[in-house]
Amino acid sequence: MKIDNSLPLEYSTEENRLKVLGFWIFLGAEIMLFATLFATYFTLFDRTAGGPTGAEIFEITPVLIETILLLTSSFTIGLGIHAMRLGNKKAMLSFFAITLLLGAGFLGFEIFEFVTYVHEGAGLQTSAFTSILLTTLGTHGAHVTLGLFWGLFIILQVKKRGLTPETANKSFIFSLYWHFLDVVWIFIFSFIYLKGMM
Amino acid sequence: MDYFDRFAIPHPSPVIYASMVAIGITVLAIIAGLTYFKKWGYLWREWLTTVDHKRIGIMYLISALLMLFRGGVDAIMLRAQLSVPENKLLDAQHYNEIFSTHGVVMILFMAMPFIIALMNFVVPLQIGARDVAFPRLNALSFWLFFMGAMLFNISFVVGGSPDAGWTSYFPLAGNEFSESVGTNYYMIAIQIAGIGTLMTGINFMTTILRMRAPGMTLMKMPMFTWSSLITNLIIVFAFPVLTVTLAMGTMDRLFGTNFFTTDNGGMDMLWANLFWVWGHPEVYILILPAFGIYSEVISTFARRNLYGYKSMVASMVAISFLSFLVWAHHFFTMGQGALTNSIFSITTMAIAVPTGVKIFNWLLTLWKGKIVITTPMLYSLLFIPLFTLGGVTGVMLGMSAADYQYHNTMFLVAHFHMVIIPGVIFAMLAGLTYYWPKMFGFMLNERIGKWAAWLIAIGTLVAFMPMFFSGLDGQARRMYTYSESTGFGIYNMISFIGALVLAVGFVLIVYNIYYSTRYASRDISSDPWDARSLEWATHTPVPEYNFAILPQVNSTEALWDAKKKGHVLFKGEYEKIHMPNNSGVPFIMGCIFFAWGFSFVFGMWIPLILTTIGIFACMALRSFEKDHGRYISVEEIEETETKLRGAN
Ligand code: HEM
Ligand SMILES: [Cu+2]
């Protein structure tokens, strides 16, 4: 394996460069996936069939907390990658751990929110609106859940194997994924929650 | 209801029982054969665990050919049923099931893998690379496709086939009107295969963007590689739409959501829209690689470079963009109003322009060429007039006002068969014949090949031309029978005869494979067609590392220049070569996905949860695994190279 030391560790081998590009293309596909969900949401959001509307069930407090948690986690993972570039393994691991904790907090609030919705009569089967609402949120939530496990595995690997071109590459790609989930959340926050509450 | 009743087929008939027996016997025969000849180890080591793009390509090819025959048998049954008025060969339900599976099998499990087969085999060779960017992912793509296809295919003996058409429109595809698990099979089998295809898209885009031989700039790529790049771009943007759509359809059927229902706010037209947002780009995913193959074949056998390289590329880029803007032409009659229809009419007609540009480029390539008529070239020459018939009728359908007359009649059926068969199938058969020597080390017989090409071309015309007329006379598609007084009888009888001619053509291709395997000379050069691009610059059979030294390129036709202008392709010394290790995980993951899909189809929740865990466990395993591949040493390369050079 040829290692090019003029580049950051995560880009240092050809295999790494391929993986980063491949992941960007994957994110392109993910954008289409969420775009389809959003398009469906906008088509169906006023088809509540006598069930609750967005304005009736959305509550600003948990949503704001979720937003703050996720945005902060995006910031901390950025710090983590910065630490990684400086070669500071300990700082990097701490930032990654904080990121995952914030992610878990986000997920906790989201689960709480889902339970409340179902209690208020906005279940998956209630109306076209609730079906797409819960599916869109659920798809994002499932991505975060997956990210928690993935991030955990990466922490374990960095801990055991240190910062190698391989682990650095994985960490970097994971950070792209995490930032992406944050971007999706901003769309959810603005176009589903804020717009729905107005 | 007894637990096991759910696996019974809802509309049994002697034919289905006979197929069950046939499937059982075939499976037993394969197992017995493998055991008797002690081939299990070989199968596992060389094929099931392989990550070599060439072998994966060949596995796609075998699957595509098998599916061609499954879909072909469906087709013959459909045409036989319609051949005379008031026929009682199939009942309405059975007819519904057969046209649904025919469509899905042919488009998703035959045409797609055929294309991906050629892409797998050809693209890395054509760009002078040693493999694709992510070989292991490539194997996983294949196994997901394969397991999806198998899951779909067992539907007719376990639980019942889908019966709502290959488009599976709601509310017809909802629980109310499609009670059997058939449509669950549709949703889940296509989902599994579709995820495989999406990963192929990512893999090949990365490969083509990053792994080209030194000197091969984007505008020096061979045309098939260009078409693959654009196709994979469309895959990456179109398939996620399908993923979401199928997931929502699955949830409507199994979890009681209300996306496409007719009450509780659901919107049935949403399915039609989403389906075609994927579906129309999908038809271009099929046709662009076909165009790529024609470009290669035509320039090879016209013995000159492709006319209008830049306009070829530009038209493909235009097509990829426009293909996302025309989807509503599939339901002009479903009431979206004159303005919307007009806009989509215009975009639809606009897409015919770049397509026309390509046709003229091929004609101009032929114009001053020294044409050699080989089997691949014969297919390409037959393609041009026949495809034009399909394209022109497409433009007719694209005029929304006129489409009220044509929509959902046999005219539409004739249109898309006249684009898909001469467009896609001829290209695949041309590609198969063209690349066969590189894949297997001998040529297919030209005489039998040409017979087959002519039979298939004539069969296509005889089978589908009458449908234009019966369609204009008002024969609706997907009707299982019609009365004598309609006068459709004669058209349908002619179509049936055409279908039989087509069938004979395909059987002849199989015979050709058998015949050539037995009798063809193994003593062929590595460039038997006197071709122009890099895939012909390496040995036959292709060593696992493809090129001992990576080629240097400075034009679109590197090999031609090497042969005629003294360009030196391979400079420098051998160096050790890094190759990926084989792995059984993709195959095992494919098997788990099969079990997952099966559990999902029948709503068996505990196995579903277990298999889901299994899938994630495989992914976790992969994350922790250390796999740095292996090296092929210089001595080993020297040995292989001397041996292969001796062979030619
Ligand atoms: C010249 C460019 C083309 C134009 C203008 C065109 C136009 C159309 C239109 C307007 C329809 C819908 C008609 C209706 O439902 O009433 C249609 C259907 C269809 N076309 Fe084309 N088409 C073109 C090329 C192609 C190509 C290249 C393919 C495939 C390789 C293709 C495959 C299909 C299929 C599969 C359907 C219908 C499927 C169904 O409803 O089951 N078309 N086309
Ligand atoms: Cu279309």
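Residues numbered from 1 in each chain as written. Chains lettered and ligands numbered in written order. Predicted model: local features only at pLDDT ≥ 70, side-chain atom pairs only at ≥ 80, totals over all residues. Heavy atoms only, no water.

Chain B has the name Quinol oxidase subunit 1 in an unreviewed UniProt entry, where Peribacillus cavernae is given as its organism. In its Pathway (unreviewed entry) section, the UniProt record describing chain B reads: "Energy metabolism; oxidative phosphorylation." Under the heading Sequence similarities (unreviewed entry), UniProt records this for chain B: "Belongs to the heme-copper respiratory oxidase family." (UniProt positions renumbered as here; feature names shortened; annotations may be inferred.)

As recorded by an unreviewed UniProt entry, chain A carries the name Quinol oxidase subunit 3 and is attributed to Peribacillus cavernae. Its UniProt record gives chain A the following Function (unreviewed entry) comment, quoted word for word: "Catalyzes quinol oxidation with the concomitant reduction of oxygen to water." Per UniProt, chain A has the following entry under Subcellular location (unreviewed entry): "Cell membrane".

Undergrad: Which parts of the structure should I look at to understand the UniProt feature "domain: Cytochrome oxidase subunit I profile" (unreviewed entry) in chain B?
TA: In the UniProt entry, the feature "domain: Cytochrome oxidase subunit I profile" (unreviewed entry) is given for residues 38-554 of chain B. Summarising residues 38-554 of chain B: 68% helix, 0% strand, and an end-to-end C-alpha distance of 48 Å. (Helix = DSSP H or I, 4+ residues; strand = E, 2+ residues; numbered from the N terminus.)

Undergrad: I keep staring at the packing of helix α3 (residues 53-82) of chain B against helix α5 (residues 135-154) of chain B and nothing clicks. Help me out?
TA: Helix packing for two helices is described by the angle between their axes and how far apart those axes are. All names here are of chain B. Their axes nearest at 10 Å, the elements α3 and α5 cross at an angle of 15°. As summarised for this structure, α3 and α5 are arranged roughly parallel, according to the angle between their axes. As α3 runs across α5, the sense of the crossing is left-handed. Together, His 53, Ile 56, Met 59, Tyr 60, Ser 63, Met 67 and Arg 70 of α3 and Pro 135, Asn 138, Ala 139, Ser 141, Phe 142, Trp 143, Phe 145, Phe 146, Met 150 and Asn 153 of α5 make up the contact between the two elements. Class assignment of the residues belonging to the contact of α3 with α5 gives a composition of eleven nonpolar, five polar and one charged. (Axes fitted to C-alpha atoms, helices over the stretch in contact; angles between N-to-C directions. Parallel < 35°, antiparallel > 145°, perpendicular 65-115°, else oblique. Left-handed = near helix turned anticlockwise from the far one by under 90°. Contact = heavy atoms within 4.5 Å. Nonpolar A, V, L, I, M, F, W, Y, C, P; charged D, E, K, R; others polar.)

Undergrad: Please explain the interface of chain A and chain B as it appears in this structure.
TA: Accessible area lost on assembly of the parts is the figure often given for the size of an interface. On the chain B side, the residues contacting the 35 residues of chain A number 36 residues. Taken together, both faces of the contact between chain A and chain B bury some 3,200 Å²; the carbon and sulfur share is 70%. At the junction of chain A and chain B, the tally comes to one salt bridge. Between B:Arg210 and A:Glu14 there is a salt bridge, with the nearest N and O atoms lying 3.8 Å from each other. If you look at where chain A meets chain B, you find nine residue pairs in polar contact (both at pLDDT 80 or more). Elements represented by at least two residues in the side of chain A that touches chain B include exactly α1 (14-44), α5 (128-161) and α6 (165-197) of chain A. Considering each element in turn, the side of chain A that touches chain B owes the most residues, 17 residues, to α1(A). (Buried area = accessible area lost by both parts, 1.4 Å probe. Salt bridge = Lys/Arg side-chain N within 4 Å of Asp/Glu carboxyl O. Polar contact = N/O pair within 3.5 Å; in protein donor to acceptor, adjacent residues only side chain to side chain.)

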